[in-house]
Amino acid sequence: WDVHKAAAMAHASAEWQESFDLRGVREGAYREQIASENAMGKLYVRGFDKRGRPAIYMKPRNESSTSEVGPVRHLAYCMERAIACLDRQLERGNLAGDINDVLSRKVVL
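Computed from a predicted structure; not experimentally measured.

Participant: What is the right way to read the pattern of salt bridges from this model?
Facilitator: Opposite charge on two side chains lets them pair, provided their charged atoms get close. On inspection of all chains with the given rule, the structure shows four salt bridges. Between Glu80 and Arg26 there is a salt bridge whose closest N-O contact spans 3.0 Å. Placement of the pair is Glu80 in helix α4 (residues 70–89) and Arg26 in helix α2 (residues 22–27), with a sequence separation of 54 residues. The class of Arg26 is partly exposed, set by a relative accessible area of 47%. We note a salt bridge from Asp49 to Arg53, for which the minimum N-O separation is 2.6 Å. With relative accessibility at 15%, the residue Asp49 sits in the buried group.

Right, dumping it as structure tokens:
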């Protein structure tokens, strides 16, 4: 383990969260933009896998957004929802899946 590298990565992550306004995503500041992205049905949290972890479904074929930041905010929103489901279950999850595979139907957190 490289403690200095881990600390630098944590610091960079915190800076990104602040510059991206992840708190605003959590608190509903981008509700309309996220709802617009959600209406496309390309990414959503629904149900659980066999181990009881929240499932995030990705349907890249439904991507038709014209915004650059909207899909990222929507992804952040869905990840936060999945994490909230984990918090309720007091479990930890791992993201598994190939997000480069446009034919992929499901990514499980």
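There is more to say, and it comes next.
Participant: Please explain helix α1 (residues 3–20) as it appears in this structure.
Facilitator: Since the α-helix packs 3.6 residues into each turn, any two residues three or four apart lie on the same face. Given a rise of 1.5 Å per residue, 18 residues ought to cover 26 Å, and the 25 Å separating the end C-alpha atoms of α1 matches this to within 8%. The N-cap residue of α1 is Asp2: its side-chain oxygen and the backbone nitrogen of His4 are 3.2 Å apart.

Participant: Before we go on, may I ask you to explain the side chain of Glu37 in this structure?
Facilitator: Within the secondary structure, Glu37 sits in helix α3 (residues 31–38). Residue classification places Glu37 among the buried positions, given a relative accessible area of 3%. Setting aside residues up to four positions removed in sequence, Glu37 forms contacts with Lys42, Ser65, Ser67, Gly70, Pro71 and His74.

About the thresholds
- Residues numbered from 1 in each chain as written.
- Predicted model: local features only at pLDDT ≥ 70, side-chain atom pairs only at ≥ 80, totals over all residues.
- Heavy atoms only, no water.
- Salt bridge = Lys/Arg side-chain N within 4 Å of Asp/Glu carboxyl O.
- Helix = DSSP H or I, 4+ residues; strand = E, 2+ residues; numbered from the N terminus.
- Buried < 20%, exposed > 50% of the residue type's maximum accessible area, 1.4 Å probe, protein only.
- Expected span 1.5 Å × (residues − 1).
- Polar contact = N/O pair within 3.5 Å; in protein donor to acceptor, adjacent residues only side chain to side chain.
- Contact = heavy atoms within 4.5 Å.

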